[in-house]
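Chain by chain, the residues run as shown.
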Amino acid sequence: MVKVPDTSTPFFEYAPAPESRSIVDIKPSYGLFIDGEFVDGHGKSFKTISPSTEEVLAEVAEADEADVDLAVKAARRAYTRVWSRMPGSERAKYLFRIARLIQERGRELAVLESIDNGKPIKESRDVDIPTVAAHFFYYAGWADKLEHAGLGANPQAHGVAGQVIPWNFPLLMLAWKVAPALAAGNTVVLKPAETTPLTALLFAEICQQADLPPGVVNIVTGAGATGQAIVSHPDVDKVAFTGSTEVGKAIARAVAGTRKKVTLELGGKAANIVFDDAPVDQAVEGIVNGIFFNQGHVCCAGSRLLVQENVADEVMERLKRRMATLRVGDPLDKNTDVGAINSAEQLAKIRELSDIGEQEVAGAGERWSPACDLPSQGFWFPPTVFTGVTQAHRIAREEVFGPVLSVLTFRTPAEAVEKANNTPYGLSAGVWTDKGSRILWMANHLRAGVVWANTFNKFDPTSPFGGYKESGYGREGGLPGLAAYLKGADA
Amino acid sequence: MTTTSASTASAGVFDDITSSESSLRRFLHGLPGVDQVGAEARAASLGTRSIKTTAKAFAIDLAIRMVDLTTLEGQDTHGKVRALASKAMRPDPADPSCPAAAAVCVYPDMVATAKQTLGDSGVNVAAVATAFPSGRAALDIKLADTRDAVEAGADEIDMVIDRGAFLSGRYQQVYDEIVAVREACARPDGHSAHLKVIFETGELQTYDNVRRASWLAMMAGGHFIKTSTGKVQPAATLPVTMIMLEAVRDYREMTGQMIGVKPAGGIRTSKDAIKYLVMVNEVAGPDWLDPDWFRFGASTLLNDLLMQRTKMQTGRYSGPDYFTLD
């Protein structure tokens, strides 16, 4: 039996190692970034807070329909007069410049992302921001090679792209949207999520610093109504959305029957499948990384652990022991593994589904979290695992979007595939086995956009990402991600 | 040194496994595999822990107490070994609060000299035996080498396994040899020198091999498992040490007995040493954060630890000339 260590009195106590906030200059209020300038909106404003302290960080303008119209007009002007006429090699220069500025200001962006989003600095520093820069570098390379991309002789941009992004990877989702759009020759109007607008606004400053022609990138802040105004604006040619399946469906309805092109990257309930011949220590790391990375605020999170029944006890014991070493707390502490939940609203949703899950597994399994001291201020939820879960439970079917893992078992590869595919979603899956042939067989049978083998949550700008079924349609990243921003090439 | 006796480690629990070549092979090959990419990523991520202020001071003093100060050269002389032994007892002559190293590690012919200098200081003498570093000698010569070192007063024996036998799949031979050396560690007074088993992981190459060698040595009764001789590159690395820490952790879960781990060779800076301690803490657990259960086989590491220690206390870096070269 594996003993779960008592972590209440650690022998080797890591002293706090907070990253300095002084590198970031947060203004008391922000306007909208339209036509290369920060302007006041017509509407109200809203506050963005730090989820780890509930401290108000800034007042941000809420764009109304008139503001969105100005932004779309600016984007159209920039498209017609400047960006669509500019040779690809010139567009590339701007993208390379932006990529380098992101690297140069990487620490500033990472600290700001952690403050506004609540994610640990080690993730924003080591994953988010380097991947953001990598996306701009990657698509910068495509800008002057569109004719040679195998997408037709003379591929053309759509025009104005309206983009709405979520709060889980604020700047990374911006990069996934903006970099390919600009490389393909589109101009953009982008709305960051209402709880995490600050890095997008800092990105606007970087666009100014890069001397990007006015109107090529417009950033309008706001909530659902602002997003709706972008999506339904008649002069938007292409809509790209990442977020919940519910909103994604509403967007699909809104643009149905119009000429607009749409890509949607929506929710997921990914299966992380562990076979009895898996490299067990690495599999446990992969399970932890799959669901507790970014507090589980990941659309492709491995939120359903499917473990072969003959090793289930051993895997669970190892998983619990590993979970007991996760450090939950101050996102700016360099030793923090799990940060704050992004908002009170999300925390309430996680709590609600977890409480339902606790009732569902009662008698058959348990709800378990390691002992951890959660801060009194801010929004926190401990890493949590449910055992004894079945396919019939809501905790196994609905996207929790938090650090909550449901554990199910299977007996054969066919049963693993059947359970993994038995979901309305299909964004990602993970397979853990030392047998190469089984990996290939599983990958052929899993209905998921990404299948990771002996790893999880690995992202690269060259690799397309997107879903089956209610996880959305279209692909981001790689050549398909470029094609989504070119006429006739996205079929 | 306190320890759970490992002399009967395999009694009972592993009898079926170690009774034949084929059962030993089945067991070792049935251990869960190691995914190289995942293992290296995990080791690297543990290396990003930021250890500052009080935690750093704690780690540096602990690391000093874990050093097996080593000289294993053809040019070793009695004078050199005496100097090294003095250094091990009082690493920082300017600061009596600085702890002593764990042991001095020498060739068998230098054991008596080291023992004479160290006396009852508490610093142990470790001797490399069994035709170190290649292990290419007949078993009776290896055993004679071991007995010679034990008779001269060695507290600890660092043996090498027969990598040739291991790589050609003769696990029983490797096992029997460790058992025999373990018996040769016995002293007439009933005590026994502690046995560290060196794998030379740079020659075993794969993490699967490292995991198998770890279990083989633990079942055969080794008190410590050790990465390297220092004569082959790569010597100790973070991922290799992590695989061994996982092995001792799992072995304790199965048997209740703790086995020590010693990375050796190539650990030169305090920063590196602290990464190892973080790994010990988070992979094997805090029980291993003790010189009885974790050692560094090193020579130049000690002075870097001393420089960092002085920096922590004074706020200033001293030049290398303020620390003794022995």
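Criteria and cut-off values
- Residues numbered from 1 in each chain as written.
- Chains lettered and ligands numbered in written order.
- Predicted model: local features only at pLDDT ≥ 70, side-chain atom pairs only at ≥ 80, totals over all residues.
- Heavy atoms only, no water.
- Pairing = 2+ DSSP bridges.
- Helix = DSSP H or I, 4+ residues; strand = E, 2+ residues; numbered from the N terminus.
- Domains from an automatic or database assignment.
- Contact = heavy atoms within 4.5 Å.
- Buried area = accessible area lost by both parts, 1.4 Å probe.
- Axes fitted to C-alpha atoms, helices over the stretch in contact; angles between N-to-C directions.
- Parallel < 35°, antiparallel > 145°, perpendicular 65-115°, else oblique.
- Phe/Tyr/Trp six-rings, centres within 6.5 Å; stacked < 30°, edge-to-face > 60°.
- Buried < 20%, exposed > 50% of the residue type's maximum accessible area, 1.4 Å probe, protein only.
- Lys NZ or Arg CZ within 6 Å of the ring centre and 35° of its normal.
- Salt bridge = Lys/Arg side-chain N within 4 Å of Asp/Glu carboxyl O.
- Core = buried A, V, L, I, M, F, W, Y, C linked by side-chain atoms within 4.5 Å.
- Polar contact = N/O pair within 3.5 Å; in protein donor to acceptor, adjacent residues only side chain to side chain.
- Expected span 1.5 Å × (residues − 1).
- Left-handed = near helix turned anticlockwise from the far one by under 90°.
- Nonpolar A, V, L, I, M, F, W, Y, C, P; charged D, E, K, R; others polar.

## Considerations on the pairing of strand β5 (residues 56-61) of chain A
All names here are of chain A.
Item 1. Here 2 bridges tie strand β1 (residues 29-30) to β5, and the two strands are oriented parallel to one another. Its bridge partner being in β5, Ser-29 is matched across the sheet by Glu-59.
Item 2. As paired elements, strand β4 (residues 45-49) and β5 share 5 bridges and run antiparallel to each other. By the bridge assignment for β5, Thr-48 is matched with Ala-58.
Item 3. What sits between the antiparallel neighbours β4 and β5 is a turn of 6 residues, in which Glu-54 has the positive phi angle 65°.

## Overview of the domain arrangement of chain A
One frequent convention defines the size of an interface as the accessible area lost when the parts assemble.
Residue and element names in this part refer to chain A.
Item 1. Split into domains, chain A comes out as domain 1 (29-266 + 469-483) and domain 2 (271-453).
Item 2. Of note, the centres of domain 1 and domain 2, computed from C-alpha atoms alone, are 30 Å apart.
Item 3. Facing 30 residues of domain 1, the contacting portion of domain 2 comprises 32 residues.
Item 4. Carbon and sulfur atoms supply 55% of the area buried between domain 1 and domain 2, which totals about 2,600 Å² over both sides.

## Observations concerning the packing of helix α4 (residues 53-65) of chain B against helix α13 (residues 270-284) of chain B
Residues and elements named next belong to chain B.
Item 1. Running from N to C, α4 and α13 cross one another at 95°; their axes reach a closest spacing of 10 Å. Classed by the angle they form, the pair α4 and α13 counts as roughly perpendicular. Of α13, the residues touching α4 (which contributes Lys-56, Ala-59, Ile-60, Leu-62 and Ala-63) are Ala-273, Ile-274 and Leu-277.

## Details of the packing of aromatic side chains
Item 1. What the rule picks out here adds up to 23 aromatic pairs over all chains.
Item 2. Ring centres 5.4 Å apart and planes at 35° place the aromatic pair Phe-12 of chain A and Phe-58 of chain B in the tilted group. In this pair, Phe-12 of chain A sits in the segment before β1 while Phe-58 of chain B sits in helix α4, so the two residues belong to two different chains.
Item 3. Residue Phe-58 of chain B is classed as partly exposed on the basis of its relative accessible area of 29%.
Item 4. What links up through ring pairs into an aromatic cluster is the set Trp-176, Trp-452, Phe-456, Phe-459 and Phe-465 of chain A.
Item 5. The ring centre of Tyr-485 of chain A lies 4.9 Å from the NZ or CZ of Lys-238 of chain A, which sits over that ring.

## A look at the sheet that holds strand β3 (residues 124-128) of chain B
Residues and elements named next belong to chain B.
Item 1. Here we have 8 strands laid out as an open sheet, ordered β7-β6-β5-β4-β3-β2-β1-β8, and parallel in their pairing. Here the strands that pair on one side only, and so sit at the sheet edges, are β7 (260-262) and β8 (296-298). If you compare each strand with its neighbour and ignore which way they point, the axes differ by 25° on average.
Item 2. In this sheet, strand β5 (residues 194-198) lies alongside strand β4 (residues 156-160) in parallel orientation, the contact comprising 5 bridges.

## What about the pattern of salt bridges?
Item 1. All told, the structure shown has 54 salt bridges over all chains when counted by the stated rule.
Item 2. Close ionic contact of Lys-226 of chain B with Asp-158 of chain B constitutes a salt bridge, the shortest N to O distance being 2.7 Å. Taken together, the positions of Lys-226 of chain B in strand β6 (residues 224-226) and Asp-158 of chain B in strand β4 put the pair 68 residues apart, joining distant regions of the chain.
Item 3. Under the relative-accessibility criterion, Lys-226 of chain B is labelled buried at 3%.
Item 4. Here Asp-158 of chain B falls in the buried class, since its relative accessible area comes to 0%.
Item 5. Among the charged side chains, a salt-bridge network with shared partners connects Asp-281, Glu-314, Arg-318 and Arg-321 of chain A together with Arg-211, Glu-246, Arg-249, Asp-250 and Glu-253 of chain B.

## Quick look at the nonpolar core
Item 1. Counting residues in hydrophobic clusters, the biggest one holds 112 residues, and the most contacted among them are Ile-102, Phe-136, Leu-174, Phe-203, Val-217, Ile-219 and Leu-319 of chain A.
Item 2. Looking at this core, the element that brings in the most residues is helix α5 (residues 170-184) of chain A, giving 12 residues.
Item 3. Among the domains, domain 1 (29-266 + 469-483) and domain 2 (271-453) of chain A are the pair contributing at least three residues each to this core.
Item 4. Core analysis: the next-biggest nonpolar cluster, separate from the first, contains 106 residues, Tyr-14 of chain A together with Met-219, Val-240 and Ile-259 of chain B among them.

## So, the interface of chain B and chain A
Item 1. The partner chain A presents 28 residues to the 28 residues of chain B that form the contact.
Item 2. Carbon and sulfur atoms make up 49% of the area that chain B and chain A hide from each other, which totals about 2,400 Å².
Item 3. Of the charged contacts, one joins Arg-42 of chain B and Glu-285 of chain A as a salt bridge, the two residues approaching to 3.1 Å between their closest N and O atoms.
Item 4. The interface formed by chain B and chain A contains 10 residue pairs in polar contact (both at pLDDT 80 or more).
Item 5. Breaking the side of chain B that touches chain A down by element, the ones donating at least two residues are α3 (36-46), α4, α12 (238-255) and α13 of chain B.

## Notes on the sheet that holds β5 of chain A
Picture the strands of a sheet paired through backbone hydrogen bonds; they go either parallel or antiparallel.
Residue and element names in this part refer to chain A.
Item 1. Spatially, the 3 strands line up as an open sheet ordered β1-β5-β4, and their pairing is mixed. Of all the strands in the sheet, just β1 and β4 have a single pairing partner and so form its edges.
Item 2. Along the sheet face, helix α6 (residues 198-209) touches β1, β4 and β5 and points at about 65° away from the line of β5.

## What to know about α5 of chain A
Residues and elements named next belong to chain A.
Item 1. In a regular helix each residue adds 1.5 Å, so 15 residues correspond to 21 Å; α5 covers 22 Å between its end C-alpha atoms and thus fits that length.
Item 2. For α5, the tally of buried residues reaches 15 of 15 residues, placing the bulk of the element in the interior.
Item 3. Once α5 finishes, Gly-185 follows within two positions and takes phi at roughly 105°, a positive value.

## Some details on the packing of α3 of chain B against α13 of chain B
Residue and element names in this part refer to chain B.
Item 1. One way to put it is that α3 packs onto α13 with a least axis distance of 9 Å and a crossing angle of 120°. Regarding the angle of α3 to α13, the classification is oblique. Relative to α13, the crossing made by α3 is right-handed. Note on element contacts: α13 touches α3 through Val-278, Met-279, Glu-282 and Val-283, opposite Arg-42, Ala-43 and Leu-46.
Item 2. Among the residues forming the contact of α3 with α13, the class breakdown is 5 nonpolar, no polar and 2 charged.

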